[in-house]
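So you can see what is in the structure, the chains are spelled out below.
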Amino acid sequence: MRRKVATRWLTGGAAAVAGAVVALALQVPSASAATNLSLGAGADGSSKASGTSYGNVIDGNAGTYWSPSGSTGTVSVKWGSATTVSSAVIVQASGGGSISGWQLKNYDTGSVLASGGSAPSVINFSSTSLKKISFVITSASGTPRIAEFETYSSGGSTPTTSPTSGPTSGPTGNPGTPTGAWPSSAGSVNISSTVNVSGTFDGGMKTYCCMGDGGQGESQDPMFKIANGGTLQNVILGSPAGDGVHCEGTCTIRNVWWNDIGEDAATFKQTNGGTSYVIGGGARSGSDKTFQHNGNGTVSISGFYLKGSGKLYRACGNCSTSYTRHVRVDNVLVDDIDMLTGINSNWNDTATITRVVVVGSAVICGKYKGVAKGSEPSYLGEGWNDANCKVNRSDVIFR
């Protein structure tokens with residue numbers, strides 16, 4: 001019987017360094033990374049709480065924030081001329097109310113670009129030309145705090161190391177181009193049981209340690225368990241890290257680093273058909289899978305660095321439910337791995353792969369025959385530019 005452990009819930013990053021969101025360690029010059037269009041733009045809104053400012057959401061500083069005068073309100077980013085936008089990232093500061101309803105609107109026309117019923121993080125929508133975009137909080141448990149309202153077009157300039165441009169529908173955020181550099185730790189936090197995360201948890205680039213034995217045992221508990229719609233960001237996982245990170249639904253894992261992968265870096269359990277995001281970050285010293293996809297829907301991995309592992313991604317080939325699963329991999333650097341992605345072609349899985357640099361050699365898109373729980377999937381071979389493996393040889397550079 002699996003051991004049950006005591007857990008504790010952290011909401012809104014309450015255990016993080018107050019208001020801190022540390023810049024991504026692998027950031028490169030803006031010419032080779034997606035550009036946050038909000039920087040240099042203007043901002044306004046419907047109301048603001050005392051001591052807060054609309055301009056705080058476009059200043060690139062997550063230590064400042066805007067709050068409405070009550071539990072609902074609007075904050076907008078605006079430009080002097082029409083600007084094409086296809087995604088937004090909402091970064092919340094700790095200590096505010098929990099958002100339970102929101103809309104993203106084209107202010108020019110009043111049309112709703114996206115909406116949701118829980119705190120958002122990464123928001124994708126159809127590419128739209130507009131002069132002003134509004135984030136509308138329609139309901140919340142208290143007074144929310146919005147630290148940054150980032151906006152992006154369809155991807156920014158192509159990195160000089162990349163053979164092709166990334167997909168226009170790819171992940172958002174600003175992970176930059178991975179270089180193989182590793183971040184410095186801002187301190188240590190000792191944990192002895194799973195940390196449950198709802199909303200956004202910001203670790204302030206501290207190292208969280210330690211759980212488990214560092215081996216491949218499936219019964220180890222995760223260090224972090226992210227509730228549906230949650231975000232884990234700016235965290236370093238020390239060694240041993242148990243079973244890494246579990247996403248109970250769709251989630252965002254942003255600028256998270258694993259010093260030692262252990263069993264799996266992260267396991268995605270979503271069953272709502274949505275998309276989970278891994279944006280930036282890196283992992284090293286793994287013997288098997290890095291990202292394990294047990295649920296359905298899509299896992300999107302961008303700006304990630306992996307050093308020494310079996311696979312970057314594996315769609316489960318013998319879980320209790322035989323879902324169709326999808327993965328998008330863009331702008332990653334891998335070194336000393338066996339396989340980039342492993343999918344089950346008989347269950348119609350797909351892997352869409354662009355802008356990959358491989359140090360050494362690796363299978364890029366491995367096809368398996370998925371089987372019922374209790375059996376082992378069989379390897380069918382590598383695929384290129386077909387119904388399951390959506391990758392051209394020009395999309396991958398081998399060094």
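Residues numbered from 1 in each chain as written. Predicted model: local features only at pLDDT ≥ 70, side-chain atom pairs only at ≥ 80, totals over all residues. Heavy atoms only, no water.

*Asks:* Would you explain the state of the cysteines in this entry?
*Replies:* Note on terminology: a disulfide is the covalent bond linking the sulfur atoms of two cysteines. All told, the structure shown has four disulfides when counted by the stated rule. Sulfur-sulfur distance for the disulfide between cysteine 209 and cysteine 210 comes to 1.2 Å. Disulfide cysteine 209 to cysteine 210: torsion about the S-S bond roughly 50 degrees, handedness right-handed. The buried category is assigned to cysteine 209, whose relative accessible area is 15%. Two residues share a disulfide in this structure: cysteine 316 and cysteine 319, whose sulfurs sit 2.1 Å from each other. On the sign convention where negative means left-handed, the S-S torsion of about 105 degrees between cysteine 316 and cysteine 319 marks this disulfide as right-handed. For the pair cysteine 316 and cysteine 319, a shared accessibility class is recorded, and that class is buried. Cysteines bonded in the protein chain are numbered consecutively along the chain; their disulfide partners then correspond to 1-2, 3-4, 5-6, 7-8. (Disulfide = S-S within 2.5 Å. Buried < 20%, exposed > 50% of the residue type's maximum accessible area, 1.4 Å probe, protein only.)

*Asks:* Please explain the nonpolar core as it appears in this structure.
*Replies:* Here is a general trend for soluble globular proteins: nonpolar side chains tend to be buried in one another's company. Formed by 51 residues in total, the largest nonpolar core has its most connected members in Phe224, Ile253, Trp258, Phe291, Ile301, Phe304 and Leu340. At seven residues, strand β21 (residues 325-344) tops the list of elements feeding residues into this core. One finds Leu37, Val57, Leu130 and Ile146 within the second-largest nonpolar core, a separate group that totals 27 residues. (Core = buried A, V, L, I, M, F, W, Y, C linked by side-chain atoms within 4.5 Å. Helix = DSSP H or I, 4+ residues; strand = E, 2+ residues; numbered from the N terminus.)

*Asks:* Explain the packing of aromatic side chains to me, please; I cannot follow it from the model alone.
*Replies:* The geometry of an aromatic ring pair is captured by the separation of the ring centres together with the interplanar angle, meaning the angle of the planes. All chains considered together, the criterion is met by twelve aromatic pairs. For the pair phenylalanine 135 and phenylalanine 149, a centre-to-centre distance of 6.2 Å together with 65 degrees between the ring planes defines the contact as edge-to-face. Of this pair, phenylalanine 135 sits in strand β6 (residues 122-140) while phenylalanine 149 sits in strand β7 (residues 146-152), and the two are 14 residues apart along the sequence. Phenylalanine 149 shares its class with phenylalanine 135; the two are buried. With a centroid separation of 4.8 Å and 70 degrees between ring planes, the pair formed by tryptophan 182 and tryptophan 257 is classed as edge-to-face. Placement of the pair is tryptophan 182 in the loop between β7 and β8 (188-190) and tryptophan 257 in strand β14 (residues 252-258), with a sequence separation of 75 residues. Using a relative accessible area of 22% as the deciding quantity, one classes tryptophan 182 as partly exposed. Among the aromatic side chains, those forming a connected cluster through ring pairs are Trp258, Phe268, Phe291 and Phe304. In this structure, arginine 284 is placed above the aromatic ring of tryptophan 182, and the distance from its NZ or CZ to the ring centre is 4.0 Å. Sitting over the face of the ring of tyrosine 368, arginine 314 holds its NZ or CZ atom 3.9 Å from the ring centroid. (Phe/Tyr/Trp six-rings, centres within 6.5 Å; stacked < 30°, edge-to-face > 60°. Lys NZ or Arg CZ within 6 Å of the ring centre and 35° of its normal.)

*Asks:* Explain the environment of aspartate 330 to me, please; I cannot follow it from the model alone.
*Replies:* With respect to the secondary-structure elements, aspartate 330 resides in strand β21. Look at aspartate 330 and you get buried, because its relative accessible area is 7%. Note: C-alpha distance between aspartate 330 and phenylalanine 304 (26 residues apart in sequence) is 8.5 Å.

*Asks:* Honestly, the pairing of strand β4 (residues 99-106) in this entry has me stumped. Any pointers?
*Replies:* Along a regular strand, successive side chains alternate from one face of the sheet to the other. Across seven bridges, the pairing between β4 and β6 is antiparallel. Bridged to glutamine 103 within β6 is valine 136. Note that β4 and strand β5 (residues 112-116) share four bridges and pair antiparallel. Bridge pairing links tryptophan 102 to glycine 116 in β5. In this antiparallel pair of consecutive strands, β4 and β5, the connection spans five residues, and glycine 110 shows a positive phi of 85 degrees. (Pairing = 2+ DSSP bridges.)

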